[in-house]
Amino acid sequence: MTVPTVSPACVDATEVDSRHKFVVALKAKLPPGVAANAASHLCLGLAAKAATEQPELLRKMSFLAFSDADSGSHAPISGLSLVVLEGRPAWVRRLRDQADAAGLLYTDFTAEMTGDTYAEQLDRMKTTPEQALDYYGVAVFGQRDVLDPLTKKFSLLH
């Protein structure tokens, strides 16, 4: 049996700061596979952005080392809420702008980042003005009392 190692990003369960949460807000009516792809890219990007730009937020993200009855490790998984919402395209864009203005940690994902190869996606992004981007979603991490008012118009993804 191997002894599970705990990621340095993990905190003790007593340190979970439930004043924070994750929000993924997606454009309504995306096909399920597109929505799952966008949400996955958004969450990966959010964690990478925290690690590289704001590493002090990693502890606030409350990653835990979940252990099973056989001493297997299932880490790191955050102990915080991660809600996946959907809403009008204009709301997704507005949330991105509000997160930026508030200095919150966020990532966005657009239609221009899909299809073809990553090189073609990069080229497509370089030739598309921001106002013409088709936002599929935004992921944001922050305090509940700041995020909740920004996302009140959105519905839970169903």
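Up top is the structure these notes are about.
Residues numbered from 1 in each chain as written. Predicted model: local features only at pLDDT ≥ 70, side-chain atom pairs only at ≥ 80, totals over all residues. Heavy atoms only, no water.

Focus: the overall build of the protein
Line of reasoning, step 1. Counting its regular elements, the protein contains five helices and seven strands.
Line of reasoning, step 2. Counting from the amino terminus, the protein carries its helices and strands in the arrangement β-α-α-β-β-β-α-β-α-β-α-β.
Line of reasoning, step 3. Taken along the three principal axes of its C-alpha coordinates, the protein extends 50 × 35 × 30 Å.
Line of reasoning, step 4. Relative to its full complement of 158 residues, the protein shows a buried share of 35%.
Line of reasoning, step 5. Put simply, of all contacts in the protein between residues at least 6 apart along the chain, 76% involve residues at least 24 apart.
Line of reasoning, step 6. In the protein, which carries 16 positive and 19 negative side-chain charges, the distance between the mean positions of the two groups comes to 8 Å. (Helix = DSSP H or I, 4+ residues; strand = E, 2+ residues; numbered from the N terminus. Buried < 20%, exposed > 50% of the residue type's maximum accessible area, 1.4 Å probe, protein only. Contact = heavy atoms within 4.5 Å. Lys, Arg positive; Asp, Glu negative; His and termini not counted. Charge placed at Lys NZ, Arg CZ, Asp CG, Glu CD.)

Some words on the sheet that holds strand 7 (residues 155–156)
Line of reasoning, step 1. Pairing within the open sheet is mixed, and its five strands lie in the order 5-6-1-4-7. Bordering the open sheet on either side are strand 5 (105–110) and strand 7, each of which pairs with just one other strand.
Line of reasoning, step 2. Sitting on the sheet, helix 1 (residues 32–53) is in contact with strand 1 (20–27), strand 4 (82–87), strand 5 and strand 6 (135–143), with an inclination near 145° to strand 5.
Line of reasoning, step 3. Each of strand 1, strand 4, strand 5 and strand 6 touches helix 3 (residues 89–101); the most contacted strand, strand 6, lies at about 40° to it. (Pairing = 2+ DSSP bridges. Axes fitted to C-alpha atoms, helices over the stretch in contact; angles between N-to-C directions.)

Considering the packing of aromatic side chains
Line of reasoning, step 1. Applying the stated criterion to the full structure yields three aromatic pairs.
Line of reasoning, step 2. An angle of 70° between the planes, with centres 5.8 Å apart, marks the rings of Trp 91 and Phe 154 as edge-to-face. A residue pair is termed long-range when its members are at least 10 positions apart, and Trp 91 in helix 3 and Phe 154 in the loop between helix 5 (144–150) and strand 7 qualify at 63 residues.
Line of reasoning, step 3. Its relative accessible area of 17% is what places Trp 91 among the buried residues.
Line of reasoning, step 4. Residue Phe 154 is classed as buried on the basis of its relative accessible area, which comes to 9%. (Phe/Tyr/Trp six-rings, centres within 6.5 Å; stacked < 30°, edge-to-face > 60°.)

Scope: geometric values only; no functional claims are made or implied.
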